[in-house]
Amino acid sequence: MDKPNGALSGIKVIDLSRVLGGPYCTQVLGDYGADVIKIEPPGGDETRGWGPPFEGDAASYFHGLNRSKRGMALDLRHPDGKALLLQLLEGADVLVENFKPGTLEKWGLSYDILSAHFPRLIQCRISGFGADGPMGGLPGYDAIIQAMAGLMSVNGEKQGEPLRVGLPIVDIVTGLNAVIGITLALHERTRSGRGQFVETALFDSGLSLMHPHFPNVFYGGPPPRRTGNEHPNIAPYEVYRTATQPIFLAVGNNVQFARLCELLECHDVSQDERFATNGARLGNRDALRDVLESAMVRWEGDKLADLLMRIGVPCGPVLDTTQALAHPHTQHRDMIVNIGHYKGTGSPIKLARTPSRYETPPPRFAEHTDAILHEAGLTVQQIEHLRAKGVLPDMPVT
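So, here's what we can say about the structure. (Residues numbered from 1 in each chain as written. Predicted model: local features only at pLDDT ≥ 70, side-chain atom pairs only at ≥ 80, totals over all residues. Heavy atoms only, no water.)

With respect to topology, 6 strands assemble into an open sheet ordered S5-S2-S1-S6-S7-S8, the strand pairing being parallel. Since the sheet does not close on itself, it has two edges, and those belong to strand S5 (70–73) and strand S8 (197–201), each with one partner. Pairs of neighbouring strands in the sheet enclose a mean axial angle of 20°, with direction left out of account. (Pairing = 2+ DSSP bridges. Helix = DSSP H or I, 4+ residues; strand = E, 2+ residues; numbered from the N terminus. Axes fitted to C-alpha atoms, helices over the stretch in contact; angles between N-to-C directions.)

This part takes up the packing of aromatic side chains. Counted under the stated rule, the structure contains 6 aromatic pairs. On the basis of an interplanar angle of 75° and a centroid distance of 4.9 Å, the ring pair of Trp 50 and Tyr 61 is categorised as edge-to-face. Here Trp 50 is found in the loop between strand S2 (35–40) and strand S3 (54–55), whereas its partner Tyr 61 is found in helix H2 (residues 60–63), with 11 residues between them in sequence. Consider the rings of Phe 214 and Phe 218, whose centres lie 6.3 Å apart with planes at 45°: the pair is tilted. Of the two residues, Phe 214 and Phe 218 both sit in helix H9 (residues 213–218), 4 residues apart, roughly one turn of that helix. Overall, the relative accessible area of 63% leaves Phe 218 in the exposed class. (Phe/Tyr/Trp six-rings, centres within 6.5 Å; stacked < 30°, edge-to-face > 60°. Buried < 20%, exposed > 50% of the residue type's maximum accessible area, 1.4 Å probe, protein only.)

This part takes up the pattern of salt bridges. Inspection of every chain in the model, using the stated rule, returns 25 salt bridges. Note that Arg 125 and Glu 97 form a salt bridge whose closest N and O atoms lie 2.6 Å from each other. Here the residue Arg 125 occupies a position in strand S7 (residues 122–127), and Glu 97 occupies one in strand S6 (residues 94–97), the gap between them amounting to 28 residues. Residue class for Arg 125 comes out buried when judged on its relative accessible area of 4%. On the accessibility criterion, Glu 97 (0% relative accessible area) is buried. Between Arg 289 and Asp 286 there is a salt bridge; the shortest N-O distance is 3.3 Å. Taken together, the residues Arg 289 and Asp 286, both in helix H12 (residues 285–296) and 3 residues apart, mark about one turn of the helix. One salt-bridge network, in which partners are shared between bridges, spans Lys 158, Glu 230, Glu 238, Arg 285, Asp 286 and Arg 289. (Salt bridge = Lys/Arg side-chain N within 4 Å of Asp/Glu carboxyl O.)

Geometry only, nothing functional implied.
Below, the structure written as structure tokens:
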């Protein structure tokens, strides 16, 4: 499974995580060359059933998070299962898990114990709130953190109710933070020769996303409020109507604003004292929108957005998911992965010499169990004995 040209080639990852944050993290590691062994419980990662749609034995949700991995199943509640995990960790560099804090400790697999056996091991725990503090050890879920960290309070229409961001942004960012933490620890290990415990919590990640709202509060601004598509600090910065599809305009300075007005043939607008500075535009946002949209309704949205971008004014058409996937630049940036019947989203991280490589689709349940255990030194008889005891699934996938 090692990819010799991958940036993380030679790194072995034992992935005990499931659902989203952990699998997202380990998929990134696998895309860049790490040998990721995904160990599922006897019932499988629950997202295998989060469908329709389905492909093979798993839902699209599972397929979106689990390529570039080998898969096996193991009952860690069984003493032989824990012993087998320790055997698999012998040659591992990283352990990723998102059990409720205290679970591994209850099983006799705390970081102190693991690090005593494997001093170079990096253990990454992804949790909801961390292990201690007022909410330490409690389960965390993306939408709950969006509510508690303030994201929902600033998302939604001005007069509407607080609104959840329409994708699991906290889970995804927590997974990315886990990748960052793991790679930082791997780098530090080249100096010290020692592993360390890495923790990323959904609550922390949710709070970290609150820019510029928290800085505005820190420096005396009013309590943030919902502004729909408007930016709290910049104008014009929102969705505008055109003759066809809407566009998102994001003007960051007076030069860009002047170019916008020139293209729209609104030459006097940039000289209007109501719109002369960003502060003035913020204070007269509604009037500004009326003026700009009265000119934009003569334009087709995609053509106007393209012209504005090419003269240095940030702008883009508002596309749906099908349109975004079909965009020629999506293809050019290799953002769609095809492996046989598998289709997925490509990596946004581009490395010149050691780019991501997509060679294996998500594993079928327990697909590589026997092969992984053979590599760990187990004989066919030992594997069958463990299977008979219920430590391994009854029927391995071949």
